[in-house]
Amino acid sequence: MPETILVVAEQHAGKLNRVSWETVAGAQAIAAEMGWQVEAALAGNGIAAAAAELAGKKVGKVYAVESPALADYTPDGFAAALKQFITDKKPHLVLMPHTYQVRDFAPKLATSLGRCLIPDCIGYKKDGNRLLFTRQMFQGKFAADVSFAGEPPYFATFQNGAFRGDKAEAGSAPAPVETITAKVDAAAIRTKPHEWFKEAKQAVDLTQAEIIVSVGRGIKEQKNIDLAKQLADSLGGELAASRPICDSGWLPMDRQVGSSGQTVAPKLYLALGISGAIQRIVGMKGSRTIIAVNKDAEAPIFEIADYGVVGNLFDVVPALIEEVKKAKS
Amino acid sequence: MKILVCLKQVPQKDAPLKLNEAGAWIREDVSYEVNEPDAYALEEALRQKEKHGGEVVVITAGPARAQQVLREALAKGADRAIHLEDAAFVSLDAINIARAFAAAIKDETFDLIFTGLQSDDYGYAQTGVILAELLGWPHATIIMHIEKQDSGIRVKRELEAGYFQYVDIPLPAVLTIQSGINKLRYATLIGIKQAKNKPLRKIGLSEVQSAIGGNQIKIEKLYVPQKSKKTEMIEGAPAEIAKKIVDHLRNDVRVL
């Protein structure tokens with residue numbers, strides 16, 4: 001029997017989180033290389049449609065782990081249900097997307113089984129018979145190949161964008177879906193979650209912007225934001241910022257791009273003084289062209305930039321504003 | 001409320017990091033600072049104490065240099081500190097660090113434990129959640145607001161794509177704190193003076209060794225990542241750079 005990779009997909013209110021396809025694609029690639037097989041599981045209540053959607057991909061089987069106690073996500077409920085399921089099915093490797101929800105319950109789940117997970121991986125490597133997981137360290141300045149020691153099941157999560165969701169292979173026929181009734185004691189769920197909500201209506205929709213000028217810590221002071229604003233205006237683009245800038249209150253939260261802000265994919269993303277730490281990059285990896293200006297030649301932003309300028313943004317940006325105005329007149 | 005805050009000392013954000021000669025780890029001769037989300041976790045604990053009374057205790061694990069983050073926390077208003085002091089703590093995996101913390105506080109009675117949501121060096125984002133499971137406590141992650149209620153607390157969790165959610169959670173509990181939950185304070189001169197007389201308990205590796213197992217995840221190799229994209233570097237004086245960028249904007253990116 002080949003080893004089994006179990007993909008734990010994610011859903012909310014019965015709707016599959018698209019990032020699950022990336023994990024399926026990653027699992028399929030690993031399975032092909034190692035000669036293993038892929039199965040998928042989904043936890044929740046009233047998730048038959050999402051499970052059926054998952055079964056359209058090339059996986060051996062889909063398990064819908066259901067219980068009324070799983071209707072709303074709680075770490076207690078999801079960890080308990082998946083612990084039973086994993087103890088029962090004994091997968092070799094459990095893969096999940098590195099979402100906020102997974103970050104909330106996966107370390108608990110792994111710990112409850114005496115295991116430690118490798119989180120936020122960006123890829124994998126086959127090393128003989130061993131499987132190594134690659135992850136970023138020190139805010140993306142280094143990468144590390146990480147191995148598992150001890151007994152399976154092994155747990156790893158993949159960063160958004162680590163694999164392409166549209167590369168998840170479809171099956172020739174739908175995979176069988178098995179519904180598993182999880183024994184979750186509702187009284188043992190200690191936290192009480194309330195409805196999701198958004199803060200006051202967002203004024204800017206960065207997801208629709210074709211040109212984004214984004215500032216990071218390199219802008220140094222609040223009064224310098226205006227320089228970036230002038231550049232954005234001259235280009236007819238929107239101004240955005242990395243998390244620390246919005247945390248400092250220099251720009252409102254709706255201008256934040258990153259894993260916790262908005263995910264953008266403009267034609268042009270101009271990064272000014274943004275180092276490119278992982279969290280800042282997740283939200284803009286899909287940009288068509290990235291131009292980065294940073295004084296630090298080692299800044300991780302240059303790993304993903306199409307054009308890079310190592311230099312002082314306070315010299316480069318005024319010159320650029322002038323040149324753009326000239327070009328437009 | 002009695003609150004424990006877990007702090008980690010990490011290389012400064014702007015510190016130029018180099019691999020050491022063995023190529024196995026970074027060169028340690030860099031400047032360090034407290035992990036940013038942990039600083040927010042400490043600030044939140046101090047604010048909760050100011051509102052509701054109680055005690056703020058800080059804990060870290062690492063070599064002698066890590067004591068600096070405890071000293072700074074004491075100067076900002078923490079009441080006492082615990083230092084798991086040994087260079088070996090740096091190479092423990094997340095579950096073992098959490099086991100060491102759990103062992104170090106086994107005789108304490110905290111209402112809340114705060115950690116930052118993740119560290120700027122390893123970025124595992126799991127020590128707090130693991131600690132909760134080891135202690136048998138409930139937890140909530142990526143917290144942006146905390147409100148004490150008649151029984152327990154109500155916290156605001158940050159979710160993805162601009163969503164938030166309130167969660168009611170009984171005490172004791174572990175919370176992982178998001179950067180930006182509050183505004184950080186600076187230590188005052190008086191605070192720095194007073195910190196010198198505040199208790200700092202040192203715990204050696206041998207005292208928690210029995211709680212720790214072998215690492216289950218092992219860093220085989222650390223390296224400078226290979227570029228996945230070819231970056232064209234633009235050089236010259238600012239005016240030249242600006243001209244070249246505008247050329248690209250017009251001819252290649254086609255946004256002008």
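Note that the structure is a prediction, hence the values are computed from the model and not measured. The numbering scheme is per chain: residues are counted from 1 as the chain's sequence reads. Following the order in which they are written, the chains are lettered starting with A and the ligands numbered starting with 1. Restriction of local features to residues with pLDDT of at least 70 applies here, the model being predicted, together with a cutoff of 80 or more for giving and counting side-chain atom pairs; totals for whole chains, interfaces and linings are based on all residues. Values reported for side chains reflect all heavy atoms of the structure, with hydrogen atoms and water molecules removed beforehand.

Participant: Before we go on, may I ask you to explain helix α3 (residues 94-104) of chain B in this structure?
Facilitator: Within an α-helix, residues lying three or four positions from one another point in the same direction, as the helix has 3.6 residues per turn. Residue exposure (1.4 Å probe, protein chains only): buried if accessible area is under 20% of the type maximum, exposed if over 50%, otherwise partly exposed. Secondary structure elements follow DSSP: runs of H or I no shorter than four residues count as helices, runs of E no shorter than two count as strands, and numbering proceeds from the N terminus. α3(B) sits mainly inside the fold: ten of its eleven residues count as buried. For α3(B), every residue scored as buried is listed here: B:Ala94, B:Ile95, B:Asn96, B:Ile97, B:Ala98, B:Ala100, B:Phe101, B:Ala102, B:Ala103 and B:Ala104.

Participant: So what exactly am I meant to see when it comes to the interface of chain A and chain B here?
Facilitator: When the parts of a complex come together, some accessible area is lost, and that lost area is often used as the size of the interface. Should any heavy atoms of two residues lie within 4.5 Å, those residues are counted as being in contact. Tallying the contact residues gives 79 residues for chain A and 88 residues for chain B. Approximately 7,500 Å² of surface area, both sides summed, lies buried where chain A meets chain B, with 58% of it carried by carbon and sulfur atoms. Within this document, salt bridges are pairs made up of a side-chain nitrogen of Lys or Arg and a carboxyl oxygen of Asp or Glu, the two lying within 4 Å of each other. Connecting chain A to chain B are four salt bridges. Between A:Lys108 and B:Glu133 there is a salt bridge, with its nearest N and O atoms 2.8 Å apart. Polar contact is the term for a pair of N or O atoms within 3.5 Å; when the atoms are in protein, one must be able to donate a hydrogen and the other to accept it, and sequence-neighboring residues count only if both atoms are side-chain atoms. In this assembly, chain A and chain B are joined by 41 residue pairs in polar contact (both at pLDDT 80 or more). Residue contributions to the side of chain A that touches chain B peak at nine residues, all from helix α9 (residues 313-328) of chain A. Of the pairings in the sheet, the one linking strand β17 (residues 307-310) of chain A to strand β13 (residues 232-233) of chain B comprises two bridges and is parallel in character. Directly across from A:Gly308, in β13(B), lies its bridge partner B:Met233. In this description, buried area is defined as the sum, over both parts, of the accessible area (probe of 1.4 Å) that is lost when the two are combined. For two strands to pair, DSSP has to find at least two bridges joining them.

Participant: Whenever I open this one, the packing of α9(A) against helix α7 (residues 238-251) of chain B confuses me. Can you help?
Facilitator: Two measures define how a pair of helices packs: the angle their axes make with one another and the distance between the axes. Interaxial angle, 0 to 180 degrees, is taken between N-to-C directions of lines fitted to C-alpha atoms, where a helix line uses only the stretch in contact. Axis separation between α9(A) and α7(B) bottoms out at 8 Å; the angle between their running directions is 50 degrees. Accordingly, the angle class assigned to the pair α9(A) and α7(B) is oblique. Every pair of crossing elements has a handedness; the one defined by α9(A) and α7(B) is right-handed. Contacts between α9(A) and α7(B) involve A:Asp315, A:Val316, A:Ala319, A:Leu320, A:Glu323, A:Val324, A:Lys326 and A:Ala327 from the first element and B:Pro238, B:Ala239, B:Ile241, B:Ala242, B:Lys243, B:Ile245, B:Val246 and B:Arg250 from the second. All amino acids are sorted into three groups, where Ala, Val, Leu, Ile, Met, Phe, Trp, Tyr, Cys and Pro are nonpolar, Asp, Glu, Lys and Arg are charged, and the leftover types, Gly among them, are polar. Taken together, the residues of the contact of α9(A) with α7(B) break down into eleven nonpolar, no polar and five charged. By definition in this entry, angles of less than 35 degrees are roughly parallel, angles greater than 145 are roughly antiparallel, angles of 65 to 115 are roughly perpendicular, and the rest are oblique. A clockwise turn of the near helix away from the far one marks a right-handed crossing, whereas an anticlockwise turn of less than a right angle marks a left-handed crossing.

Participant: When you look at the side chain of A:Gln11 in this model, what are you seeing that I'm missing?
Facilitator: All names here are of chain A. Secondary-structure assignment places Gln11 in strand β2 (residues 11-12). Residue Gln11 is classed as buried on the basis of its relative accessible area, which comes to 8%. At a separation of 2.8 Å, a polar atom in the side chain of Gln11 contacts the main-chain amide nitrogen of Gly14. Of note is the side chain of Gln11, whose polar atom sits 3.0 Å from the backbone oxygen of Ala43.

Participant: What should I look at first to understand the domain arrangement of chain A in this one?
Facilitator: An automatic or database domain assignment is the source of the domain bounds shown. As assigned here, chain A comprises domain 1 (4-188) and domain 2 (206-328). Its C-alpha centre places domain 1 of chain A at a distance of 34 Å from the equivalent point of domain 2 of chain A.

Participant: Even after reading the chapter, I still don't get the sheet that holds strand β15 (residues 268-272) of chain A, so can you show me in this structure?
Facilitator: Taken together, the six strands give an open sheet; going across it, the order is β14(A)-β13(A)-β15(A)-β16(A)-β17(A)-β13(B), and neighbouring strands pair in parallel fashion. The open sheet has two edge strands, β14 (238-241) of chain A together with β13 of chain B, and neither has a second partner. Along the sheet, helix α5 (residues 225-235) of chain A makes contact with β13 (211-215), β14 and β15 of chain A, crossing β13(A) at roughly 170 degrees. Along the sheet face, α7(B) touches β15, β16 (289-294) and β17 of chain A together with β13 of chain B and points at about 170 degrees away from the line of β17(A).

Participant: Whenever I open this one, the environment of B:Ile130 confuses me. Can you help?
Facilitator: Within the fold, B:Ile130 resides in helix α4 (residues 127-135). Looking at B:Ile130, the relative accessible area reads 1%, which means it is buried. For the pair B:Ile130 and B:Ala94, spaced 36 residues apart in the sequence, the C-alpha separation amounts to 7.8 Å. Beyond its immediate sequence surroundings of up to four residues, B:Ile130 is in contact with A:Pro107, A:Thr111, B:Ala94, B:Ile95 and B:Ala98.

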